[in-house]
Every structure is written in C-alpha cells, then in structure tokens.
Amino acid sequence: MTAVAIGEVMVELNREPDGRYGLAFGGDTFNTAVYLARSGVSTAYASALGDDRFSEAILAVCDREGVETATVLRAAGRVPGLYLIDTDAKGERSFTYWRDVSPARDLFELPGWEQAAEQIVSARLVYLSAITLSLYSNVGLGRLFAVLEAARERGAIIAFDTNYRPRGWKGNVERARFVVGEALARTDVALPTFDDEQALWEDPDAIRTVERIVAAGVREIIVKNGAEGALVAGPSGVHHVPVPTTVDAVDTTAAGDSFNAGYLSARLRGEKPEAAAEAGHRLAAVVVAHRGAIVPRAATDVVTDRNT
C-alpha cells in the first residue's frame, strides 16, 4: 500500500438549492483518500465504523473509489458520525456535527487496533490531520504517535494537515496547541491552511506560519491561502505558487482536502514541490465548482493522473 489516511468518515447531508438535503459521505482525511485514489495512488483508509446500513454504504463507496478498507475496524451497535452542510451565495460553508459517539474516535482502542497499526506502519505515506487528532483520547493519541514514529523509522513520509476546528477541541486551545505540536514533531510534510493557523496560533501572516513550522523541524511546508495561492517552503527557500485561474466557487467543502491529494500524489510521482502545488490548485478548482465533498469522478478525471 502506498498511502494510508487516518481519520473519520461521516454521513453528509448537503443542502441543495431547493432546500432539500442530499445524502453523501465525507470527512477531511477521507476526502483526501478518495482523491488520492482517483489520482492513481494505492490508498487505504484507517478508521472505525459501526455495523449499520450507513457504515455498509460507506464501505461500498470505498470499494467503488478504490480505497482499501483492511484498516477499517467495526464496532457492533454503533453508527458513524453525521454532519450537515449549509452553503452561502459565495460557496462558503458552515457545518453542524453529531459525532460525539462515532466509533472512529476509538480507532486505537478497539479490538484489532494493533493489526490496523501494522498496516499503517508499512505504508510509504501516512496522512492525517488535526481533526484526526481531536478525535482521540490521550491513550489513543499516545498509540497514534507511536505508530507514526514506527512508520518514520521504516522510511514512511508523514504528511499532516494542521486544520484546526475549535469545536473538536471543545474550546481547549492549549491542548490543541500541545497535541498539534507533538504531531508536527513527527511530520515530514505539513499542509496547513493559513486561516486555521491564524485562529490557533494568531499568526499575523503566512510567512510567520512557515517560520513557526520550520522551527518545529518540518522540512517541507505548503501553506494554503485561498485565492492568494500557496507558499511552498523547503531547503531551496520559500516560493509563492499562485492560483492559476480565478474560480467561482459553488461549494468550498473539501477544497483543502483535494489540494492536499493533488499535491501529495504529484510528489509521489516525483514532481517538485512547486509543480505539485500547481497540481493541488488544479484539483481543488474542480472540486469547489461542485457541491459536496466528493464530486463526480468524471469531473476530476480531467485533472488526475490515474496511471501513477
């Protein structure tokens, strides 16, 4: 397996223009896993689901999208989390969640977690987010960090999106900063969004975000900054990669998730960071032109390389 993404996939209800809600499935790292698979990267998803019909439907989506599920544990009598999306006239979205008893929160404490961990450790790329971190207890976090360390020792690349959602941390900013800092200490490629960094760390600008993450020891950093493009930082310095074309967003759900998939898949193909950021912009531009986290495959086929 080339890549394993870790986190939570939920039932998605997305308000349509007529006021009705459409049923789908999504979650930040799951969205990235799907777009990685569409880009031709052999990808697995590590999470936990219940034994209900929605869990079965999620597994069917994974099968259809080519996302491996050997790292998905099952918890009897439980159901996935749920989120509802409302989108304004500019395509900006707001979320309402019901996920406090989601089985994904117990991935590293359920029976069978050791076997899932073994498969994570064997991947070439391990991808997670700060939303992933916000799910777990201290026990779960300790086991996750040990898994990341073991994966790095075996040569894996750890890619981390520092996306900060205050509600997931129950307003505990200090805990969020500490846990995110621990993850950054085990990260090779950081994929922050500036708005999130500003909210958590009060960074005045994207350059400060780069400086702070460099100080944490991360060697490759891509700061996503919406219409302002992205900053790519590494041994050769800091480079601005603009958005190639202006996009009228219909729904910005999964904009960053799809950018991350475009970037990481390009890097796995051997492309330079700047070219990979351009690939991320192209994929994100397609995704935000459609409603929902996972857009129709035909839409993304024009910007993904399925022959990786």
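See the structure shown above.
What you see is a predicted model; the values in this text were computed from it and never measured.

Caption draft 1: View of the packing of aromatic side chains. Scanning all chains against the criterion turns up seven aromatic pairs. Measuring from centroid to centroid gives 5.4 Å for Phe-108 and Tyr-136, while their planes differ by 90°, and the two rings are edge-to-face. Here the residue Phe-108 occupies a position in the loop between β8 (93-98) and α3 (113-121), and Tyr-136 occupies one in the loop between α4 (130-135) and α5 (138-153), the gap between them amounting to 28 residues. Exposure remark for Phe-108: the relative accessible area of 2% places this residue in the buried category. By relative accessible area, Tyr-136 is classed as buried at 4%. With centroids separated by 6.4 Å and ring planes inclined at 15°, the aromatic side chains of Phe-259 and Tyr-263 adopt a geometry described as stacked. Remark: Tyr-263 and Phe-259 occur in helix α9 (residues 255-268); sequence separation between them is four residues, near one turn of the helix.

Caption draft 2: Quick peek at the side chain of Thr-304. If you trace the backbone, Thr-304 turns up in the segment after α11 (297-301). The exposure class of Thr-304 is buried, given its relative accessible area of 13%. Here the side chain of Thr-304 touches Arg-38 through a polar contact of 3.5 Å, landing on its backbone oxygen. At a separation of 3.0 Å, a polar atom in the side chain of Thr-304 contacts the main-chain carbonyl oxygen of Thr-300.

Caption draft 3: Up close: the pairing of strand β4 (residues 43-49). Of all seven residues making up β4, seven are buried, and the element is well covered by its neighbours. A two-sided burial pattern is seen for β4, the buried positions comprising Thr-43, Tyr-45, Ser-47 and Leu-49 on one face and Ala-44, Ala-46 and Ala-48 on the other. In this fold, β4 hands off to helix α2 (residues 53-65), which returns the chain to strand β5 (residues 67-68); that crossover is right-handed. Across three bridges, β4 lies against strand β6 (residues 72-74) in parallel orientation. Bridge assignment links Ala-48 to a residue of β6, and that residue is Leu-73.

About the thresholds
Residues numbered from 1 in each chain as written. Predicted model: local features only at pLDDT ≥ 70, side-chain atom pairs only at ≥ 80, totals over all residues. Heavy atoms only, no water. Phe/Tyr/Trp six-rings, centres within 6.5 Å; stacked < 30°, edge-to-face > 60°. Helix = DSSP H or I, 4+ residues; strand = E, 2+ residues; numbered from the N terminus. Buried < 20%, exposed > 50% of the residue type's maximum accessible area, 1.4 Å probe, protein only. Polar contact = N/O pair within 3.5 Å; in protein donor to acceptor, adjacent residues only side chain to side chain. Right-handed = clockwise from strand over helix to strand, strands pointing away. Pairing = 2+ DSSP bridges.

Just geometry here; none of it tells us what the structure is for.
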